[in-house]
Amino acid sequence: MHSIPSVRTYVIIWAILTFMTFTTYGVAQIDLGPWNIVVALLIAFFKMMLVILFFMNVKADSPLTKLFAGAGFFWLILLLGQFFIDYLTRGWMPEGTMW
Amino acid sequence: MADTHSTVVEHSEHDPAAHSPHLRHHFDDMAQQFDSATLGMWVFLLTEIMFFGGMFGAYTVYRSMYPAAFASTSQYMNPLYGAMNTAVLIVSSLTMALAVRAARLGEQKALQLFLIFTMIFGLAFLVIKGFEYHEHWVDNKVPLFGGHWDYSEAPQFARQAQIMFCFYFFMTGFHALHMVVGLGLMTTIFLMARRATFSPAYFTPVEVSGLYWHFVDIVWIFLFPLLYLIGHTKKII
Amino acid sequence: MSTVLQDPRAVETPNYLNQEYGWQSWLFTKDHKRIAVLYIISITVMFFIGGIFASLIRLELLTPQGDLVNSDTYNKFFTMHGIVMVFFFLIPSIPATLGNFFVPMMIGAKDLAFPRINLLSWYIYIAGAAFALAAIVLGGVDTGWTFYTPFSSTYSNTFVITAAVGVFIAGFSSILTGLNFIVTVHKMRAPGMTWGRLPLFVWANYATSLIQVLGTPVVAITLALVGLERAFHIGIFDPAIGGDPILFQHMFWFYSHPAVYIMILPGMGVISELVTCFSRKAVFGYSFIAGSSLGIAIIGFLVWGHHMFVTGMSMYASLYFSIMTMLVAVPSAIKVFNWTATMFRGSISFDTPMLYAFGFIGLFTIGGLTGLFLGTLGVDVHVTDTYFVVAHFHYVMVGGMVLAYLGGMHYWWPKISGRLYPEGWAKFACLLVFAGFNLTFFPQFILGYLGQPRRYHAYAPEFQVLNVMSTAGATVLGLGYVIPLIYFLWSMKYGPKAGNNPWHATGLEWQTTSPPPTYNFETTPIVTEEAYAYHNYKETHVG
């Protein structure tokens, strides 16, 4: 089995995660228009990566584990992306077109 | 048993030091058992990603369709509660990671201590959630269970806001359900730890429970911005 | 060891069937082979229940008028037929039965990675089936197996929640089976059993398991949302409050299209095994067939919108999904070409399993090609929601999957039961199934093209002749299903003993006794040759 991270590593990751939580909250107080949600989701994505790589130890895991961890999120993108192929293009045809 | 040809061997018949008492006989060795268990948990988490992901997808679609209505709900969401809950869960992930570490090192007291802390933080999360739900109930923003839904302050958004609150309660509700299951898991692991079940040679249940717990944390990491930080918290209406 | 007739009542070697007796040894078993048998019994029961509804449908459609039952009752017939057949027969069928039994054996393992989860998956299946049966007994559901909103979520007065709960629960059974297979194939292969030596049946089940794990949770949450909407009278998919019924369809078909690949991939895996054994030849293009299984699994997630071309989805999305639908046909075609090439210059024997394989290849090709017609936007506008669609999916699911299931059951029956089935009756039943199937469903292509809509209990009088043919075919088909049930049961007591390898096939499952011992192998096998190494065999025909 792989090496065991030190307590220090875990605490540092925790500190970064907590700091980023406050950042998310802070940025939400500022009006960035449509970019608010983009920034918030980017920060959330980064936090997720920290939890996965360090707390769940995927950084030290086998390529197989990394593949399965990545596959989940990739499949989520497939779901969301294909939903929006419909929803984002609905207004593109002129009024009165059959569908 | 009647079968004399099978390869099953009773424990009394072979050297007890030959393998861990926790080895299940369809496995060759503990390493294979551990690898299988962790891969199994990852595959299960894959299904959970798609389960929550379905809800995230639907929520995102409606939010893109009704941006103004969804933004109008932001004043009823308390980002401070949300941020507190996020912080609480992150700490619980820390203590969980430290618990798994303790199990791997055979530090029994530390293991039990960190499990207790994880459970305390998990419980704290649910308590804060409870306060939040109560506030929504008082504000008449609960479109379930009849009678506690009232959006007359912005009637042009009422119908779509109802969708938003439905998703809020379903998503946080399913998440809370997973937290409760997680607490059950932690209790079980804690009781096993008290009986000195775990050692550097066998700590699989702690490891896979940890993976589950971290996953539930990740779901919340995404729920927080999606549900609480919709519009910036200025009054829209 | 030989196939010489022996007194069936002679003392048998210890095996998984006779090692322990009593209901507790079955209901609390952890042996994947016993769990497979439990599943065989359960899905057979559900199959015949689904068949009863099919019979009622065909009975009503003998006459153009809706004179047997009213339209509401008819709606319940096709709904329950669909729900039972899709979720309680086809989805579990080969993986939970033949897959459960043979995937561990084929890779040289003693059991699946998680035997207790395997048993749990069966109990969960039974719980789901109980809810489905409850929905039937309480009065049925009339939404169609597709549960389209807002009818299912708001307006239907039938037992939607009961049925949805049953499907939700059965979904977890499917997820657990898939999870078990994935971990087993990754972690429990015997020494020397590399990925490139796996039997194609294992590859097929692995690809199926990926779909089960990635897709099923989405239909679970979708049905949960419908249930919550019904229970709390709130609107998620209700247009009256701004909900989008198309969103339900997106979420539903995100799973339900890959689900059809759950339903066909294991069958394709069986056909790979049958074609090589009964051609006495290594499969042509092993890596292409293995890769195409993965290809179907992945591309299958990119095509679901072809169920929604006329619903109000964006035209651009329709274009995208149509193109992807054309693409998904490619890996299926690769398989058909490779099986054909396998048979070329092979030494073909016409035993019953091979007859089913022939049937599969022909009928699946027809079904698959008509899928391409449906995937073409212009044609789909004309034939969608007609009997053309009904014929298409029955060609792939019955002409394909059910034939593969029957072929697999006949092929592996000697291993599962230790007995041989009667070949004469088996060939006869196979012929009935093939003839009955085509008589039932080919007219439906014509009916659909001519304009008979699906899910209607009445139709225009000029369609009656073809409908009568279809019902006659269904009768023959039903007989073809009942006969194997009878002789399989008969063979368990009176069939000749099978011996280890009556087909002289390659594969680890044939290297052990029939029936196998509880732990499958005396010692863990060590694999040294590629799959389907028929060139190493002295015998050139089954004899």
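Everything quoted here is computed from the prediction, not taken from an experiment.

> Any chance you could break down the overall build of chain B for me, citing the residues and the numbers?
Helices and strands together make up the secondary structure of chain B, namely six helices and two strands. Every one of the 237 residues in chain B was classed for burial, and the buried ones make up 47%. When contacts within chain B are restricted to residue pairs at least 6 apart in sequence, those whose partners lie at least 24 apart make up 78%.

> Pulling in residues and values, what's your account of the overall build of chain A?
Broken down by element type, chain A carries three helices and zero strands. Secondary structure elements of chain A occur, N-terminal to C-terminal, as α-α-α. At 19 Å, chain A has a C-alpha radius of gyration far larger than the 13 Å of a compact globule built from 99 residues. Expressed as a percentage of its 99 residues, the buried residues of chain A come to 28%.

> Residue-level account of helix α9 (residues 245-279) of chain C, with values.
Residues and elements named next belong to chain C. With 35 residues, α9 should cover 51 Å at 1.5 Å per step; its first-to-last C-alpha distance of 50 Å lies within 8% of that length. For α9, the principal kink sits at W253 and spans about 35°. Buried residues dominate α9, accounting for 34 of its 35 residues. Positive phi appears at R280, one or two residues downstream of α9, with a value of about 50°.

> Talk me through helix α5 (residues 158-194) of chain B; I want residue IDs and the actual numbers.
Between its first and last C-alpha, α5 of chain B extends 53 Å over 37 residues, near the 54 Å set by a 1.5 Å rise per residue. Trailing α5 of chain B by a residue or two, A196 of chain B shows a phi angle of about 55°, which is positive.

> Explain the interface of chain C and chain B to me, using residue names and the numbers behind them.
Contacts between the two partners involve 34 residues from chain C, matched on the other side by 32 residues from chain B. Among the elements that line the side of chain C that touches chain B, the one with the most residues is helix α8 (residues 200-232) of chain C, at nine residues. The residue makeup of the side of chain C that touches chain B, split by class, is 23 nonpolar, seven polar and four charged.

> Let's hear about the interface of chain C and chain A: which residues, and what values?
The interface of chain C with chain A comprises 14 residues on the first partner and 13 residues on the second. Among the secondary structure elements, those contributing two or more residues to the side of chain C that touches chain A are α8, α9 and α11 (315-343) of chain C. The element contributing the most residues to the side of chain C that touches chain A is α11 of chain C, with four residues. Within the side of chain C that touches chain A, the residues separate by chemical class into 10 nonpolar, four polar and no charged.

> Describe the packing of helix α1 (residues 7-28) of chain A against helix α2 (residues 35-55) of chain A, and please don't skip the residues or the numbers.
All names here are of chain A. Where α1 meets α2, the axes come as close as 10 Å, and the angle between the chain directions of the two elements is 170°. One finds that α1 runs roughly antiparallel with respect to α2. Residue-level inspection shows T9, I13, I16, L17, M20, T23, T24, V27 and A28 of α1 in contact with α2, the latter providing N36, V39, A40, I43, F46, K47, L50, F54 and F55. Here the residues of the contact of α1 with α2 sort into 13 nonpolar, four polar and one charged.

> Quick one: what's the story with the nonpolar core, residue by residue and with numbers?
Of all hydrophobic cores here, the largest spans 275 residues; its most connected members are V43, L46 and A99 of chain B together with A164 of chain C. For this core, the element with the highest residue contribution is α9 of chain C, accounting for 22 residues. Setting aside residues up to four positions removed in sequence, A99 of chain B forms contacts with L111, F114, L115, T118, V206 and G210 of chain B.

> With reference to specific residues and values, describe unusual backbone geometry.
Residues and elements named next belong to chain C. Between T149 and P150 the backbone carries a cis peptide bond, its omega angle lying at -5°. Of note, the bond from S514 into P515 is cis; its omega dihedral lies within 30 degrees of zero at -10°. Positionally, P515 belongs in the segment after α16 (464-494). Of note in the backbone geometry, H504 takes a positive phi value of approximately 50° without being a glycine. Note on placement: H504 falls in the segment after α16. Although it is not a glycine, Y532 sits at a positive phi angle of roughly 60°. With respect to the secondary-structure elements, Y532 resides in the segment after α16.

> So what about the packing of helix α3 (residues 79-105) of chain B against helix α6 (residues 204-228) of chain B? Which residues, and what values?
Residue and element names in this part refer to chain B. Between α3 and α6, the shortest axis-to-axis distance is 9 Å and the interhelical angle comes to 165°. It follows from the interaxial angle that α3 and α6 lie roughly antiparallel. Note on packing geometry: the crossing formed by α3 with α6 is left-handed. For the pair α3 and α6, the contacting residues are P79, G82, N85, T86, L89, I90, S93, M96, A97, A99, V100 and A103 in the first and V206, E207, G210, W213, H214, D217, W220, I221, F224 and Y228 in the second. A class-by-class count of the residues in the contact of α3 with α6 yields 14 nonpolar, six polar and two charged.

> How would you explain the confidence of the model for chain B if you had to name every residue and give the values?
Residues and elements named next belong to chain B. With 89% of its residues at a pLDDT of 70 or more, chain B shows a mean pLDDT of 87. Confidence over residues 1-13 falls short of pLDDT 50; this stretch has 17 contacts with residues more than four positions distant or in other chains. Here the predicted complex scores 0.93 on pTM and 0.92 on ipTM.

> Lay out the environment of V303 of chain C with the relevant residues and their values.
Residues and elements named next belong to chain C. Along the chain, V303 turns up in the loop between α10 (286-299) and α11. When the C-alpha positions of V303 and E509 are compared, they lie 36 Å apart, and in sequence the two are 206 residues distant. Contact partners of V303, with chain neighbours within four places excluded, come to H257, F321, M324, T325 and V328.

> Please set out the environment of A71 of chain B residue by residue, giving values where relevant.
All names here are of chain B. Take A71: it is sitting in helix α2 (residues 67-72). The partly exposed category is assigned to A71, around which 19 C-beta atoms lie within 10 Å. Separated by 16 residues in sequence, A71 and M55 have C-alpha atoms that sit 19 Å apart.

> Explain the environment of G82 of chain C to me, using residue names and the numbers behind them.
Residue and element names in this part refer to chain C. Mapped onto the fold, G82 is located in helix α3 (residues 71-90). Residue G82 is classed as partly exposed on the basis of its 19 C-beta neighbours within 10 Å. Sequence separation between G82 and G50 is 32 residues; the distance between their C-alpha atoms is 7.6 Å. In this structure, G82 is in contact with G144 and W145, ignoring residues within four places of it in sequence.

Conventions adopted
Residues numbered from 1 in each chain as written. Chains lettered and ligands numbered in written order. Predicted model: local features only at pLDDT ≥ 70, side-chain atom pairs only at ≥ 80, totals over all residues. Helix = DSSP H or I, 4+ residues; strand = E, 2+ residues; numbered from the N terminus. Buried ≥ 20, exposed ≤ 12 C-beta atoms within 10 Å, placed from the backbone. Contact = placed C-beta atoms within 7 Å. Rg over C-alpha atoms; globule rule 2.2 N^0.38 Å. Expected span 1.5 Å × (residues − 1). Bend = angle between axes of the 7 residues up to and from the residue. Nonpolar A, V, L, I, M, F, W, Y, C, P; charged D, E, K, R; others polar. Axes fitted to C-alpha atoms, helices over the stretch in contact; angles between N-to-C directions. Parallel < 35°, antiparallel > 145°, perpendicular 65-115°, else oblique. Core = buried A, V, L, I, M, F, W, Y, C linked by C-beta atoms within 7 Å. Left-handed = near helix turned anticlockwise from the far one by under 90°. pLDDT = per-residue confidence, 0-100.

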